[in-house]
Amino acid sequence: MKTFKYLFLMLFALSLLQNCNSNKKANSDNDLVYQCPMDCENGKTYKESGTCPICKMDLQPLAQLSKSVLDDNEGITDASIFNLTSQWHTEEGESIQLKDLKGKTLVVVMIYTSCKAACPRLVADMRHIEADIPDGKLKDIQFVFVSIDPENDFPERLKAFAKENFMDEEHWTFLQGTKSGLREFANVLSVKYKEISPIDFSHSNIISVFDAQGELKFQQEGLGVDNTQTVATILDVTP
Amino acid sequence: MKKIAFCFLLSLLMFQPVVLHAQSQTEEAMVYIKGSRYLPLYGRDSTVVEVKDFKMDVYPVTNTQFEAFVKKYPEWQKSKAIKLFVDTSYLSNWKNDFELKDSEQPNSPVTYVSWFAAKAYCECQDKRLPTVDEWEYVAMADETTKDARIKPSYNEKILSWYEAPRSNENSIGLNPKNYWGVYDLHGLVWEWTLDFNSVLITGESRKDVDKDSDLFCGSAAINATDLMNYAAFMRYAIRGSLKAKYSMKNLGFRCVKDINEKTNENF
């Protein structure tokens, strides 16, 4: 009978809870930021004290700046993609969050496996970039293909695609997300995409490079473009 | 047994007002939109799209409402929102985390918000942002007709607003409500849409004319259906030029809700 009562209370408590996921706790640290007392630059802040470049008044310390927002995200800055909490499936069927990829340079592209137009060329671009990386560095780099067709690109299909394209080694990863997680991720990359029929999508052709902390370092836009700068950035951010 | 019944009654009494109150707050300012099929300016394969039944906020979200939101969810306060989700002009018409600048009106639509912030606001109320197709569907109505796009007066009115400066400083609800009972879709601010990034026009004519453009895969499939609808074309062009962390002086948002709860997950 008691359990019955508790159950009841629990149910009520649950129904009152916000379904919004607000597990992001501001982790205030002691970094002070400074701002012009006249706010000449529309809320612009400075890391160090000094004078405002416009009205020449002394900058004043402002509220404390919060750097990392997730409890278990040590060393992740607020520009990092590892702040995203969406769930993904890999081609091996594992369930991961983006921060599970932390620690390696990430080279990311968005494609879908049934694509006949640009995707094979994007895949080729990724392969060319990989070929330009010295073998010794490959263990610190992850090449990630994110599917924009999560309703069809299940892990099995992604795995088959990986095998077909001889991209089944450790350093290739294929991800299937949820519709909302995917849209959020695409927006972080500024990738545009649109379903034009159940099996066809339009999408931007962008290859993005993130450092080991998940900060965006470089984006290569277009197909078959010169990838020298992309490779240079990858080598630059990979220790 | 009596005890259980008593507990039950007590809890009902205690919680009912809360539950009812919360419900009325999110429900009262929404209207029912009966879905249908229509031909948008940029559709899928340039054909009709289907919009399902849904509910839409009558007004855009105001400064006051957004202030209540950042009090409850500190991670979206002006000084705390992370760089991944907002640019430097986020809430730049606010004095600090909780106060508007003196020049701003509490009852004006909230602007200088990023797509991420708008999306979070709606999700925290168990709503979501409208899709481009949904927004355009409701916005093609004038005061009396569901689809007023053929009326010259409809386009003229919208275009005259596009020429009017600083309309974002007005209060919500001053424009006449449309057929559905929705205010301010035109005449106040531009609004974020959930899938704004599905608009694949770059806004740069040199890139857009080339159907074989290397920037987009399958770009030949995206053609406008009615080039006379200049106002709509401008909206799509703005959407095409936005990035999700941008915040702009004249860009706000409103939320919608699915009639069938389950489909919320899909977006």
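Treat the numbers as computed from the prediction; the structure is a model and nothing was measured.

### As for the overall build of chain A
1) Next: Scanning chain A for helices and strands turns up five helices and 12 strands.
2) Next: For chain A, the proportion of its 239 residues judged to be buried stands at 49%.
3) Next: In chain A, the share of contacts with a sequence separation of at least 24, taken over all contacts with a separation of at least 6, comes to 61%.
4) Next: For chain A, the exposed surface amounts to about 11,900 Å²; the carbon and sulfur share of it is 53%.

### Quick word on the packing of aromatic side chains
1) Next: Using the criterion set out here, one finds 24 aromatic pairs over all chains in the structure.
2) Next: When the centroid spacing of 5.0 Å and the interplanar angle of 40° are considered together, the rings of Phe143(A) and Trp172(A) count as tilted. Linking Phe143(A) in strand β7 (residues 141–147) with Trp172(A) in strand β8 (residues 172–176), this pair joins segments that are 29 residues apart in sequence.
3) Next: A network of ring pairs unites the aromatic residues Phe66(B), Phe69(B), Tyr73(B), Trp94(B), Tyr121(B) and Phe253(B) as a single cluster.

### What to know about the nonpolar core
1) Next: Formed by 114 residues in total, the largest nonpolar core has its most connected members in Phe185(A), Phe66(B), Trp76(B) and Phe253(B).
2) Next: Looking at this core, the element that brings in the most residues is helix α3 (residues 115–123) of chain B, giving seven residues.
3) Next: Sequence-distant contacts of Phe185(A), that is, excluding residues within four places in its chain, are made with Ile81(A), Leu84(A), Trp88(A), Leu98(A), Val108(A), Met110(A) and Val146(A).
4) Next: Counting six residues, the second-largest nonpolar core is a separate cluster that includes Tyr42(B), Val132(B), Val199(B) and Ala232(B).

### Structural notes on the confidence of the model for chain B
Residue and element names in this part refer to chain B.
1) Next: Averaged over all residues, the pLDDT of chain B is 80; the fraction at 70 or higher stands at 75%.
2) Next: In this model, residues 16–27 is a region of pLDDT below 50 whose contacts with residues beyond four sequence positions or in other chains number eight contacts.
3) Next: Overall, residues 263–267 carries pLDDT values under 50, and its contacts beyond four positions in sequence, including any with other chains, amount to 11 contacts.

### A closer look at the packing of helix α4 (residues 132–139) of chain B against helix α7 (residues 230–241) of chain B
All names here are of chain B.
1) Next: Contact geometry for α4 and α7: axes closest at 12 Å, N-to-C directions at 155°. One finds that α4 runs roughly antiparallel with respect to α7. Crossing angle aside, the handedness with which α4 passes α7 is right-handed. Touching Val-132, Trp-135 and Glu-136 of α4 are Ala-232, Arg-235, Tyr-236 and Arg-239, all from α7.
2) Next: In terms of residue class, the contact of α4 with α7 is made up of four nonpolar, no polar and three charged.

### Structural notes on the state of the cysteines
All names here are of chain B.
1) Next: Enumeration according to the criterion identifies one disulfide over all chains in this entry.
2) Next: In this model, Cys-122 is linked to Cys-255 through a disulfide, with the two sulfur atoms separated by 2.1 Å. Residues Cys-122 and Cys-255 share a disulfide whose torsion about the S-S bond is about -85°; that sign makes it left-handed. Linking Cys-122 in helix α3 with Cys-255 in the loop between β7 (251–252) and β8 (256–258), this pair joins segments that are 133 residues apart in sequence.

### Some thoughts on the pairing of strand β6 (residues 105–111) of chain A
Residues and elements named next belong to chain A.
1) Next: With seven of seven residues buried, β6 is to be regarded as a mostly interior element.
2) Next: Note: β6 against strand β11 (residues 206–210), four bridges, orientation antiparallel. By the bridge assignment for β11, Val-107 is matched with Val-209.

### Looking at the sheet that holds β8(B)
Strand pairing in a sheet relies on backbone hydrogen bonds, with the paired strands running either antiparallel or parallel.
Residue and element names in this part refer to chain B.
1) Next: Pairing is antiparallel in the open sheet, where three strands are placed in the order β1-β4-β8. Two strands close off the open sheet at either side, each with one partner strand: β1 (30–33) and β8. Neighbour to neighbour, the strand axes of the sheet diverge by 25° on average, direction disregarded.
2) Next: Bridge analysis of β1 against strand β4 (residues 54–57) gives four bridges, and the strand direction is antiparallel. Residue Tyr-32 lies in a different strand from β4, and its bridge partner there is Lys-55.
3) Next: Lying on the sheet, α4 is in contact with β1, β4 and β8; it crosses β4 at an angle near 75°.

### Examining helix α3 (residues 155–164) of chain A
Residues and elements named next belong to chain A.
1) Next: All buried positions along α3 are accounted for by Pro-155, Leu-158, Phe-161 and Ala-162. One side of α3 holds all its buried residues, which, seen down the axis, span an arc of 120°. Summarising the geometry of α3, the exposed residues directed more than 90 degrees from the buried face are Glu-156, Lys-163 and Glu-164.
2) Next: Looking at the buried side of α3, the elements it contacts are β4 (87–90), β6, α2 (119–131), β7 and β8.
3) Next: A positive backbone phi angle near 55° is found at Phe-166, which sits one or two residues after α3.

### Things to note about the confidence of the model for chain A
Residues and elements named next belong to chain A.
1) Next: Residues at a pLDDT of 70 or more form 75% of chain A, whose mean pLDDT is 80.
2) Next: Contacts from residues 17–30, a stretch scored under 50 in pLDDT, to residues over four places away or in other chains number 29 contacts.
3) Next: The low-confidence segment residues 63–72, where pLDDT is below 50, has 36 contacts with residues more than four positions distant or belonging to other chains.

### Side note on the sheet that holds β6(A)
All names here are of chain A.
1) Next: An order of β5-β4-β8-β7-β6-β11-β12 is seen for the seven strands of this open sheet, with the pairing classed as mixed. What marks the edges here is a single partner per strand, and that holds for β5 (95–97) and β12 (216–221). Here the average twist between neighbouring strands, direction ignored, is 30°.
2) Next: For β7 and β8, the ladder comprises four bridges, and the chain directions are parallel. If you follow Val-144 over to β8, its bridge partner there is Thr-173.

Cut-offs used in this document
Residues numbered from 1 in each chain as written. Chains lettered and ligands numbered in written order. Predicted model: local features only at pLDDT ≥ 70, side-chain atom pairs only at ≥ 80, totals over all residues. Heavy atoms only, no water. Helix = DSSP H or I, 4+ residues; strand = E, 2+ residues; numbered from the N terminus. Buried < 20%, exposed > 50% of the residue type's maximum accessible area, 1.4 Å probe, protein only. Contact = heavy atoms within 4.5 Å. Areas by Shrake-Rupley, 256 points an atom, 1.4 Å probe, with all protein chains shown as cover. Phe/Tyr/Trp six-rings, centres within 6.5 Å; stacked < 30°, edge-to-face > 60°. Core = buried A, V, L, I, M, F, W, Y, C linked by side-chain atoms within 4.5 Å. pLDDT = per-residue confidence, 0-100. Axes fitted to C-alpha atoms, helices over the stretch in contact; angles between N-to-C directions. Parallel < 35°, antiparallel > 145°, perpendicular 65-115°, else oblique. Left-handed = near helix turned anticlockwise from the far one by under 90°. Nonpolar A, V, L, I, M, F, W, Y, C, P; charged D, E, K, R; others polar. Disulfide = S-S within 2.5 Å. Pairing = 2+ DSSP bridges. Arc of directions from axis to C-beta.

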